[in-house]
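Secondary and tertiary structure notes
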Amino acid sequence: MSSLSRELVFLILQFLDEEKFKETVHKLEKESGFFFNMRYFEDAVGNGEWDEVEKYLSGFTKVDDNRYSMKIFFEIRKQKYLEALDKRDHAKAVEILAKDLKVFSTFNEDLFKEITMLLTLQNFRENEQLSKYGDTKSARSIMLIELKKLIEANPLFRDKLQFPSLKNSRLRTLINQSLNWQHQLCKNPKPNPDIKTLFLDHTCGQTNGARAPSPVPTNHLMGPMHKVGGFPPMGGPPLYQHAPAPMPNSLAGWMANPSSMPHQTLSMGPMGLTPPNNAADSEHVLKRSRPSGIPEEANNLPVNIMPSNIYPGQSRAHSMYSADDLPKTVVANLNLGSAVKSMDFHPSQLTLLLVGTNIGEFFLWDLSSGERITSKKFQVWELGACTMILQASLANEYTASVNRVLWSPDGRLFGVAYSKHIVQLYAYFGDGDLRNHLEIDAHIGSVNDLAFSHPKQQLSVITCGEDKIIKVWDAATGAKQYTFEGHEAPVYSVCPHHKEHIQFIFSTDVDGKIKAWLYDNMGSRVDYDAPGHSCTTMAYSSDGTRLFSCGTSKDGESYIVEWNESEGAVRRTYIGLGKRSVGVVQFDTAKNRILAAGDEFNIKFWDMDHVNILSIIDADGGLPASPCIRFNREGTLLAVSTSDNGTKILANAEGMRQVRSIENRAGAASKAPMVGTYGASGSAAGTSVGADRSSSLGPVITLNGESRNLPDAKCRISDELVKPKSWKLTEINEQSQLRSLRLPDSLLSVRIIRLIYTNSGGAILALAYNAVHKLWKWQRNERNTTGKATSAVPPQLWQPSSGILMTNDISETNLEEAVPCFALSKNDSYVMSASGGKISLFNMMTFKTMTTFMPPPPAATVLAFHPQDNNIIAIGMEDSSIQIYNVRVDEVKTKLKGHQKRVTGLAFSNALEVLVSSGADAQLCVWSVDGWEKKASKYLQIPSGRSSNPLAQTRIQFHQDQTHVLVVHETQIAVYEASKLECIKQWFSRDSGLSITDATYSCDGQTIYTSFDDGSVSIFTAVGLKLRCRISPTAYMPTTSSRVYPLVVTAHPSEANQFALGLTDGGVHVLEPLETEGKWGNVPPQENGGDQSSR
């Protein structure tokens, strides 16, 4: 339909509404699909007219159109179902379940079963997530808020929620104008024409009178216009009124699924009963890739198909971001000695900051400890391997500036782009262990930017430069993969991204041209201009759904805008940047809500959904005209460069908690520098190239602008390793040296065999020797605003109102011989568990047994959910086999044989697409998940002189990098490279009488918590297995006459320094370091042997 025909429909809609043809109006709205009348929809929902609600919606979307549509229909049908249950009309509820809700079982069968289970309850409010369901009216009102947000976010409703701004009776006016024109064409026009029909053109009959002297007034021919209530006032300018016309070769033309996300990004929670919580939206995005890196796939958002927040008084309406949540308080200064050019925070270690300067130096800082971990000056590693052009340039002047520093998405590598030809990649193993990885002679002239991407499921590095070229390199080997040519000016920045399975790169040049490239040799797919032809950088929001750019024109005018990717047009332009900027304005994004830019000696903030400035701060002064800025992943810290060759660290309340160890040391600042002597890190500190800058001071971190002037110190860093600082193992022997909490327990105290935090971090689940599960939940309150597990507030030992316990089947089971095991679903809704008998599937809300299966023999000894399909379970068995079981069809798909004794460990890797197993035979096996063939196997290296229990369990856990696996045996902990089962590091105690009971990675993968049968806990670095802290049992439990020790240890899923222990006396303890310390001990230097053995 042409645009004029579409406009005619709007005119007809207005006319029908004015004439009060109400039913006809809404039928035309639905049949045309041009205008979604939100007011009519709200009334229908409020009145519970469910058939009309769905019929009206069907004119605009269907259930399976997209995730938003699916959730809209589900919310409506769920409400209808709950209302039937509330009226005790079970026949109607069953009909709704079978007719309306069954369709959603194909998307989440487990959830459909959970909905069905509501029929078995006397009152569905017995379900914890529905316990605060109010009356029908309030429930509909709260649901309506959710529906409006979903409709506004649904791309199918774009441009259909605003009725055009029209003058009243516009169709009548046009008809009158037409009649006037016809009347003027009459040969014998009458002064008072009688209009009797619109079916034929108007003509005046023959008369003897003269022609009318003038046309009839426009609005008189059809008589007076009766004013009736018009459409809802939906006026205002069109959404994209300032956008340039879409380019014919826009992104929509080359992306199979171009992003069509609306201006408001909606965060939809995971499937499950747990209601979506707006306060937790940032956690799901948590895993934030930096804007120039690889963000989370935008279309990978699962739909939450169970209740919205149906809590009285809880608002779901979108509101402007509060300026109080911005990082505005200066908490530290880094004095660098040279001007900052680029900064980047580690993607998972939120206080680890990488800084590059204009004289070719880069520094790595740990803001939580106040230490400079390492620094390096510009130095070419292999000069002979470089081009003659670079060698000649270096012979003339052996200096270069850092143009860009950037962490890889997993934080294992970082890149440094220099102003002379080269890019250097470093491998970071944590704890100051930094190693040269790759040096690439990438471009002729300056390398202006770099980024990381995964074009073919492998890490690549993208570079661009002064030579007008973009290149893609294999990050493992340095081999060149692609070369993109087409810019007519030096390429200034690159921004890789992906939508669905399409990988692409945006690039910008210094003349403001923007191009987009696929990973092929077909040339640029997009060619359009940045606002003001400005030198521009581009970045996505952290969830990857919204694209922004910021740049400065040659005249000094700066622009910060949001783009409509599918049209290649500017969606909105933010107001407040200067008209005479100095240099190119830099910007960054945070938490899918905030934009920040350094401009006019200030930092300026915007809410992404509002064009006007949210806040302006000067960071206590001292900023350059266009400072460099960078957020950490969670937006809690902001680094900003200063005019005196330093960097200020700004924090919000949460950020101040993250760096509180610096604040707690502030009182000691007058006694010792925050970073000790210059270069005194436990790691290799870089090399000295060129003249020694003896007159400049080395980097020192200070607090709140207080500079520390150490005139006698000189920043001399030689080619050899810097002498390590003195180090002492942290020994914690007293209860005053840590924070601990024994969880309250009114049930029978029996030794804890298995222990795990829920994925949300707000509860701990334990399985005791007697086959009973215990669940502790932390409540959200004034003392615990996050609702997460903490040692500061005791949780509640939770039980449903029915009083039932989750108890495994132990009929005909010898508990002494049983190997208890359990596995928790991703959404914390179900736990699968066994204690030597049948495997039970429990509902975590009601504690009811959903089903049991696989009666022994053989008995299950370990369970693991498939990471991509919760209906597929790997089950390790007592008879040494592994069964791949499909819960949905109740069928064993495959049996894997490779172990000689019972299987005790299973772990999947998505990255490697393998299953790793371990057994009581001390053997590791690797199985391909595609075909289930055995790829490798290896036996553990038992230390000489140690005898191993023939039934000792071997447990395994993947590191967050999904390639390294932690192996735990009573004689040792070891780290293996999973694909080839190569042992990277091994640690064992020299005390042959001491046995390891369990070990686990911290959530950030930097630490390993290890428990022993003497009651102690040792904390190791994940890289190198270096002992950094030892906790005595007297520090967390009172002295007892009986021998009590931890059998299991589990780590909090989001608090890296929190872990819990399950003890032989049935107790569960949560342990955290003191707030004044912030972490467990200090990292030992590399040459310290201590009590460590490795190979």
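Residues numbered from 1 in each chain as written. Predicted model: local features only at pLDDT ≥ 70, side-chain atom pairs only at ≥ 80, totals over all residues. Heavy atoms only, no water.

**Examining the overall build of the protein**
Helices and strands together make up the secondary structure of the protein, namely 13 helices and 58 strands. Within the protein, buried positions represent 58% of all 1095 residues. Excluding contacts between residues fewer than 6 apart, the proportion of contacts in the protein whose partners are at least 24 apart in sequence is 58%. (Helix = DSSP H or I, 4+ residues; strand = E, 2+ residues; numbered from the N terminus. Buried < 20%, exposed > 50% of the residue type's maximum accessible area, 1.4 Å probe, protein only. Contact = heavy atoms within 4.5 Å.)

**Overview of the pairing of strand 57 (residues 1059-1063)**
Regular strands place their side chains on alternate faces of the sheet. For strand 57, a buried count of 5 out of 5 residues is recorded, marking the element as mostly surrounded by other parts of the structure. Both faces of strand 57 are covered, namely the face carrying Phe1059, Leu1061 and Leu1063 and the face carrying Ala1060 and Gly1062. By the bridge criterion, 5 bridges tie strand 56 (residues 1046-1051) to strand 57 in an arrangement that is antiparallel. Each bridged residue has a counterpart across the sheet, and for Pro1046 the counterpart in strand 57 is Leu1063. Following strand 57, the chain reverses through 4 residues before pairing antiparallel with strand 58 (residues 1068-1073); Gly1066 in that reversal takes a positive phi of roughly 90 degrees. (Pairing = 2+ DSSP bridges.)

**A word on unusual backbone geometry**
As a rule of thumb, non-glycine residues mostly have phi less than zero, and peptide bonds are mostly trans rather than cis. Geometrically, the link from Pro856 to Pro857 is a cis peptide bond, its omega value of -5 degrees lying close to zero. Topologically, Pro857 is positioned in the loop between strand 39 (849-853) and strand 40 (860-866). Of the consecutive residues Pro857 and Pro858, the connecting peptide bond is found in the cis state with omega at -10 degrees. Structurally, Pro858 can be placed in the loop between strand 39 and strand 40. The phi angle at Ala619 is positive, at roughly 55 degrees, despite the residue not being glycine. Tracing the backbone shows Ala619 in the loop between strand 25 (613-617) and strand 26 (629-631).

**Some details on the pairing of strand 34 (residues 773-777)**
Burial of strand 34 is extensive: 5 of the 5 residues sit out of reach of the surface. Both faces of strand 34 are covered, namely the face carrying His773, Leu775 and Lys777 and the face carrying Lys774 and Trp776. As defined by bridge partners, strand 33 (residues 763-768) adjoins strand 34 across 5 bridges and the pair is classed as antiparallel. Residue pairing in the sheet places Leu765 in a bridge with Leu775 of strand 34. Counting the residues that bridge the hairpin from strand 33 to strand 34 gives 4 residues, and of these Ala771 lies at a positive phi of roughly 75 degrees. As judged from the 2 bridges shared by strand 34 and strand 35 (residues 796-797), these two strands associate in the antiparallel manner. Directly across from Lys777, in strand 35, lies its bridge partner Gln796.

**Brief notes about the confidence of the model for the protein**
Of all residues in the protein, 81% have pLDDT values of 70 or greater, and the mean over the chain is 80. For the protein, helix 10 (residues 281-284) is the element with the lowest average pLDDT, namely 33, and strand 56 is the one with the highest, namely 97. Within the model, pLDDT remains below 50 along residues 665-725, and this stretch shows 131 contacts once partners closer than five positions in the same chain are excluded. Confidence drops under pLDDT 50 across residues 1087-1095; counting only partners more than four residues distant or on other chains, this segment forms 23 contacts. (pLDDT = per-residue confidence, 0-100.)

**With respect to the sheet that holds strand 30 (residues 730-732)**
If you walk across this open sheet you meet the 5 strands as 30-55-54-53-52, and the pairing is mixed. Two strands in the sheet have a free side with no partner beyond their single neighbour: strand 30 and strand 52 (996-1001). Each adjacent strand pair in this sheet contributes to an overall mean axis angle of 15 degrees, direction not counted. The sheet contact formed by strand 54 (residues 1017-1021) and strand 55 (residues 1027-1031) spans 4 bridges and is antiparallel. Bridge assignment links Ser1018 to a residue of strand 55, and that residue is Arg1030. (Axes fitted to C-alpha atoms, helices over the stretch in contact; angles between N-to-C directions.)

**Remarks on helix 4 (residues 50-57)**
Of all the positions in helix 4, only Trp50, Val53, Glu54, Tyr56 and Leu57 are classed as buried. For helix 4, the buried positions fall inside an angular range of 160 degrees around the axis, keeping them on one side. The inward-facing, buried residues of helix 4 contact helix 2 (22-32), helix 3 (38-46), helix 5 (67-86) and helix 8 (136-153). (Arc of directions from axis to C-beta.)

**Some words on the environment of Lys788**
Position of Lys788 relative to the elements: it lies in the loop between strand 34 and strand 35. Residue Lys788 is classed as buried on the basis of its relative accessible area of 14%.

**Some points on the packing of helix 1 (residues 3-18) against helix 2**
At their nearest, the axes of helix 1 and helix 2 sit 8 Å apart, and the two run at 160 degrees to each other. When the interaxial angle is binned, helix 1 and helix 2 end up roughly antiparallel. The crossing of helix 1 and helix 2 is left-handed. Contacts from Val9, Ile12, Leu13, Leu16 and Asp17 of helix 1 reach helix 2 at Lys22, Thr24, Val25, Leu28, Glu29 and Ser32. (Parallel < 35°, antiparallel > 145°, perpendicular 65-115°, else oblique. Left-handed = near helix turned anticlockwise from the far one by under 90°.)

**Points about the packing of helix 3 against helix 8**
Viewed as axis vectors pointing N to C, helix 3 and helix 8 meet at an angle of 150 degrees, and their least axial separation amounts to 10 Å. Two packed elements cross with a definite hand, and for helix 3 against helix 8 that hand is right-handed. Here helix 3 contributes Met38, Phe41, Glu42, Val45 and Gly46 to the contact with helix 8, which in turn contributes Arg140, Met143, Leu144, Leu147, Lys148 and Ile151. Tallied by class, residues from the contact of helix 3 with helix 8 come to 7 nonpolar, 1 polar and 3 charged. (Nonpolar A, V, L, I, M, F, W, Y, C, P; charged D, E, K, R; others polar.)

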